[in-house]
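# Results of the structural survey
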Amino acid sequence: MVRRIDVCGSGGVRLAAWEFADPPKRPCGAGEGGSGAVLLLHGLMGRAAHWAETARWLSGRHRAVALDQRGHGRSERPAEGPYTRDAYIADAVAAIECLDLAPAVLIGHAMGALTAWQLAARRPDLVRALVICDMRASALGAATQREWGEWFRSWPVPFATLADVRKWFAEGDPTLERPRPARGDYYAEIMAERADGWRPAFSRRQVLQARETYAHDAHWEELALVECPALVVRGPDGELGRAEAQEMVRVLPRGRYAEVPDAGHLVHYEQPEGWRRAVESFLESVLPA
């Protein structure tokens, strides 16, 4: 069972949080206490629904909540933002405090992972443990913003059908080295039907604004400030290389490493069983029974 809880984020932005449980755990403000609670933060262009499978198995032992971050999913998309690092971190803090999750396990993918470790560095009182999925600590480089803009312009929108969406992102995208069927399904979840066909449910301009605020900077200093146990997870075909991931583990005071075979950037979505084994093993070792 899934239920939506509205959360007031930074600057009054309305955020949609999704609680996965059968039956749901206590509602917002009921004093759950956050023992073993998990907050899931998706990546850029993602949505809370991408965590559905992960959240369902987590909910057997934990209170599992996935957040649609500002500009994504069912959360508000303020025209002028802000889409800054501080705004995303403050939104996650608001969700933890409103839903009484602290100290929470934070599980983040890509941009959501960066938000998670920056929050853990700034507010260690709110975080019990951390899972970082395929996010680099090094600067991504100035050229990447231009490359992303070019990539967006290559999308053949509008797509006539969702089948066309799946096929293009799984096979037709020129950035792909080989077909990835799960990637097609992932992108089908972030499209919305319009009068002329299927288009992104988010603003690509806002996505580039959000990415601009972290693409040019390295984030090693904040990584080193994370006091809680932290797991760095990558796939061999993802964006986080093995050497950098292992250096991140070394920099983290209580870091651990996991690699999910045959996974790309969308580790949790492409290889859910391998992802589950890695995360469950980590949580069982750092959380009380």
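These figures come from a predicted structure and were not determined experimentally. (Residues numbered from 1 in each chain as written. Predicted model: local features only at pLDDT ≥ 70, side-chain atom pairs only at ≥ 80, totals over all residues. Heavy atoms only, no water.)

Residues at a pLDDT of 70 or more form 95% of the protein, whose mean pLDDT is 94. Counted against residues more than four places away or in other chains, residues 23-35, with its pLDDT under 50, gives 33 contacts. (pLDDT = per-residue confidence, 0-100. Contact = heavy atoms within 4.5 Å.)

With that settled, the discussion passes to helix H7 (residues 204-215). The end-to-end C-alpha distance of H7, which contains 12 residues, comes to 16 Å, matching closely the 16 Å that a straight helix rising 1.5 Å per residue would cover. Burial in H7 covers these residues: Gln206, Val207, Ala210, Arg211, Tyr214 and Ala215. In an axial view of H7, the angular spread of the buried residues amounts to 165 degrees, which keeps them on one side of the axis. (Helix = DSSP H or I, 4+ residues; strand = E, 2+ residues; numbered from the N terminus. Expected span 1.5 Å × (residues − 1). Buried < 20%, exposed > 50% of the residue type's maximum accessible area, 1.4 Å probe, protein only. Arc of directions from axis to C-beta.)

On to the sheet that holds strand E5 (residues 104-109). What the eight strands build is an open sheet, ordered E1-E2-E4-E3-E5-E6-E9-E10; its pairing is mixed. Looking at which strands have only one partner, the edges of the open sheet turn out to be strand E1 (2-8) and strand E10 (255-259). Between one strand axis and the next, the sheet turns by 20 degrees as a mean value, whatever way the strands run. Bridge count between strand E3 (residues 38-41) and strand E4 (residues 64-68): four bridges; the pairing is parallel. By the bridge assignment, Val38 is partnered in E4 with Ala64. This element, helix H9 (residues 242-251), spans strand E6 (127-133), strand E9 (230-234) and E10 of the sheet and lies at about 155 degrees to E10. (Pairing = 2+ DSSP bridges. Axes fitted to C-alpha atoms, helices over the stretch in contact; angles between N-to-C directions.)

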